[in-house]
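Coordinates in review
One-letter residues, chain by chain:
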Amino acid sequence: MQEFMETYNNNVNEIEKFLSETIHNLGELSTREEKSFDNLFKVFPSLELVYVCDKDTLLQISDNIYRDKVSSLPKGRDRSYLMQKIKFNNSDISISKPYISSATGKTCVTVVKEEDNKVYFMDFTVSALLERLGLIELHREFNLISKGFYFVTANLMILLAVFTLGYSIYELGHSLFFKEGGISIESIFKPIIALTLGLAIFDLSKTILEQEVVFKSYSKNSKLEYKVFTKFSITIIIALLIEALMVVFKIALHDYSQMLYAVYLIGGVSILVLSLGLFIFFTRKVSRE
């Protein structure tokens, strides 16, 4: 939703001009009231709700008229709180700032028009309005398929993370109670590595669910992508460092002639750490510019 608001704020003058001019060209809204504003909903695909208030008392005198239903429950409510946030500026049409509608639960803007002794309130959904004006592109069928794929993949990754957690517990228990020779350095480090990898897998799957399923993003946020990449890389590097430490202990206990391989492993991890540090430095530098 953040990108919707950014797009709306960047084009607020054009959007308000479009709404004002279109509603003004429609003429008197009272002539469309008898047919429950059917023509109005046809003209504005982004229109979600219409209701009418008395101009003097600002009490709602009509039902809540939605695109596909009518509700009489809000009739008689005081709508003066909305008028306090709206300025007409020498015009009979005014537009509110975006807010979350209690009626639809969506982010919307309210267009208000005064006619004779009535005030007409029209709620426009921000996302549908931006799509209607060509400021964003929403492909609902594709997004549904994409969400489904991400949902299945992320949940499978969570299952793998749980399996990795179970494997680490099994390895530790097996080393403590069933392995001949008792507990060893290797039997301690193996569960730690498994837990670290499980944490990395779970963290990645959680990020996928948050960004692609629960809070679907329709635009690329480079800062978020860098943050996810950095966080995941750090987790993997920690796992590799633990593995390198385990290798050093094993070689020190058994065969010093193999220590060169431990040096290679530590050197490789050091290169990863250095590369990640440079990546973070340059991305922050570009962000500041």
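In this text the structure is predicted, and so the values were computed from the model without any measurement. (Residues numbered from 1 in each chain as written. Predicted model: local features only at pLDDT ≥ 70, side-chain atom pairs only at ≥ 80, totals over all residues. Heavy atoms only, no water.)

1. Focus: the overall build of the protein
Looking only at helices and strands, one finds 9 helices and 7 strands in the protein. Taking all 289 residues of the protein together, 36% fall into the buried category. Put simply, of all contacts in the protein between residues at least 6 apart along the chain, 55% involve residues at least 24 apart. With the model as given, the accessible surface of the protein reaches about 18,100 Å², and the carbon-plus-sulfur share is 61%. (Helix = DSSP H or I, 4+ residues; strand = E, 2+ residues; numbered from the N terminus. Buried < 20%, exposed > 50% of the residue type's maximum accessible area, 1.4 Å probe, protein only. Contact = heavy atoms within 4.5 Å. Areas by Shrake-Rupley, 256 points an atom, 1.4 Å probe, with all protein chains shown as cover.)

2. So, the pairing of strand 6 (residues 107–115)
Counting buried positions over the 9 residues of strand 6 gives 8, a clear majority of the element. Relative to strand 6, strand 4 (residues 93–95) runs antiparallel, the two sharing 3 bridges. Among the inter-strand pairings, S94 is bridged to a residue of strand 6, identified as V112. Pairing geometry for strand 5 (residues 99–100) and strand 6, over 2 bridges, is antiparallel. (Pairing = 2+ DSSP bridges.)

3. Notes on the UniProt feature "transmembrane region" (unreviewed entry) in the protein
Listed under "transmembrane region" (unreviewed entry) in the UniProt record, and renumbered for this structure, are residues 148–168, 188–209, 229–253 and 259–282. The straight-line gap between the two end C-alpha atoms of residues 148–168 is 30 Å; of that span, 100% is helix and 0% is strand. The distance from the first to the last C-alpha atom of residues 259–282 is 35 Å, and the span holds 100% helix and 0% strand. (UniProt positions renumbered as here; feature names shortened; annotations may be inferred.)

4. Details of the pairing of strand 1 (residues 47–54)
By the criterion of burial, strand 1 is predominantly enclosed, with 8 of the 8 residues buried. Bridge analysis of strand 1 against strand 2 (residues 64–66) gives 2 bridges, and the strand direction is antiparallel. The partner of L49 across the bridge, within strand 2, is Y66.

5. Notes on the side chain of S62
Relative to the assigned elements, S62 resides in the loop between strand 1 and strand 2. Within the structure, S62 has its side chain in polar contact with the backbone nitrogen of V52 (distance 2.7 Å). Those residues in contact with S62, other than ones at most four positions away along the chain, are Y51, V52 and K75. (Polar contact = N/O pair within 3.5 Å; in protein donor to acceptor, adjacent residues only side chain to side chain.)

6. Digging into helix 2 (residues 12–25)
Taking 1.5 Å as the rise per residue, helix 2 with 14 residues should run 20 Å; its terminal C-alpha atoms sit 20 Å apart, in good agreement. Among all positions in helix 2, only I15, L19, T22 and I23 are buried. Taken down its axis, helix 2 places every buried residue within 95° of arc, on the same side. Structural note: helix 2 exposes N13, E14, K17, H24 and N25 on the side pointing more than 90 degrees away from its buried face. Trailing helix 2 by a residue or two, G27 shows a phi angle of about 85°, which is positive. (Expected span 1.5 Å × (residues − 1). Arc of directions from axis to C-beta.)

7. Description of unusual backbone geometry
Residue L58 is not a glycine yet carries a positive backbone phi of 60°. Along the chain, L58 turns up in the loop between strand 1 and strand 2. Residue D116 is not a glycine yet carries a positive backbone phi of 55°. Mapped onto the fold, D116 is located in the loop between strand 6 and strand 7 (118–125).

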